[in-house]
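Secondary and tertiary structure notes
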Amino acid sequence: QVHLVESGGGLVQAGGSLRLSCVASGLPFSSSAMGWFRQAPGKEREFVASISWSGGSISAADSVKGRFTVSRDNAKNTVYLQMNSLKPEDTAVYYCAAGRSPYSSRQNQAYDYWGQGTQVTVSS
């Protein structure tokens, strides 16, 4: 079975930082693009960041660009989301996703597998 397990979420004050991790198993991680999405209460799931199979191509939503950085370590089957300068509007459940192609995508339908999510709460 394919498993994606996120960790690193929690409660942080505005302006603080968190690093999310997603460990994948049961899939060819090094050949798969990875994405991060988030969903706040009452809102649709939205794209946050993505990274190609080798890490050579990355993308980030305008709302997080310059604050969040996605990276991956294929030797550890792990993708990371470094979140700096956090704002209350970043509060959401953050999901890790694995793509069916090696190339980065901002579209949620490009991803076949999803983690359970990790809660990030940013206080004012």
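Higher on the page you've got the structure.
The paragraphs below set out a description of the structure included in this document. The shown structure was predicted, so the numbers you read here are calculated from the model rather than taken from an experiment.

Scoring rules and cut-offs
- Residues numbered from 1 in each chain as written.
- Predicted model: local features only at pLDDT ≥ 70, side-chain atom pairs only at ≥ 80, totals over all residues.
- Heavy atoms only, no water.
- Disulfide = S-S within 2.5 Å.
- Helix = DSSP H or I, 4+ residues; strand = E, 2+ residues; numbered from the N terminus.
- Buried < 20%, exposed > 50% of the residue type's maximum accessible area, 1.4 Å probe, protein only.
- Core = buried A, V, L, I, M, F, W, Y, C linked by side-chain atoms within 4.5 Å.
- Contact = heavy atoms within 4.5 Å.
- Pairing = 2+ DSSP bridges.
- Axes fitted to C-alpha atoms, helices over the stretch in contact; angles between N-to-C directions.
- Polar contact = N/O pair within 3.5 Å; in protein donor to acceptor, adjacent residues only side chain to side chain.
- Salt bridge = Lys/Arg side-chain N within 4 Å of Asp/Glu carboxyl O.

Once that is clear, we can look at the state of the cysteines. Across all of its chains, the model carries one disulfide by this definition. The disulfide partner of C22 is C96, and the S-S distance across this bridge is 2.1 Å. Between C22 and C96, the disulfide has an S-S torsion of -80° and is therefore left-handed. Residue C22 is found in strand β3 (residues 18–25), and its partner C96 is found in strand β9 (residues 92–99); the two are separated by 74 residues along the sequence. By relative accessible area, C22 is classed as buried at 0%. The exposure class of C96 is buried, given its relative accessible area of 0%.

Considering soluble globular proteins, one finds that nonpolar side chains tend to be buried as a cluster. Formed by 34 residues in total, the largest nonpolar core has its most connected members in M34, W36, V79, L81, M83 and Y94. Elements represented by at least two residues in this core include exactly β3, β4 (34–39), β5 (46–51), β7 (68–73), β8 (78–83), β9 and β11 (118–123). At five residues, the largest contribution of residues to this core is made by β9. Ignoring sequence-local partners within four residues, the contact set of M34 consists of L4, C22, F29, A49, S50, I51, R72, V79, C96, A97, A98 and Y111.

Within a sheet, each strand pairs with its neighbour through backbone hydrogen bonds, oriented either parallel or antiparallel. One open sheet accounts for four strands, arranged β1-β3-β8-β7; its pairing is antiparallel. The sheet is open, and its two edges are formed by β1 (3–7) and β7, each paired on a single side. Neighbour-to-neighbour, the strand axes of this sheet turn through a mean angle of 15°, independent of strand direction. Bridging between β3 and β8 involves six bridges; their strand directions are antiparallel. Within β8, the residue paired with R19 across the bridge is Q82.

The subject of this paragraph is the side chain of R67. By the secondary structure assignment, R67 is in the loop between β6 (58–60) and β7. Of the polar contacts made by the side chain of R67, one reaches the backbone oxygen of S63; its length is 2.9 Å. Setting aside anything within four residues of it in sequence, one finds R67 in contact with Q82, M83, N84, S85, L86, K87 and D90.

Pairs can form between side chains of opposite charge once their charged atoms are near each other. Counted by the stated rule, this structure contains five salt bridges. R38 is the partner of D90 in a salt bridge, and the nearest nitrogen-oxygen pair spans 2.9 Å. Taken as a pair, D90 in the loop between β8 and β9 and R38 in strand β4 lie far apart in primary sequence, 52 residues in all. Its relative accessible area of 5% is what places R38 among the buried residues. Here D90 ties to R67 by a salt bridge, and the two come within 2.7 Å at their closest N and O atoms. Separated by 23 residues along the polypeptide, D90 in the loop between β8 and β9 and R67 in the loop between β6 and β7 bring together distant segments of the chain. One continuous salt-bridge network, built from bridges that share partners, spans R38, E46, R67 and D90.

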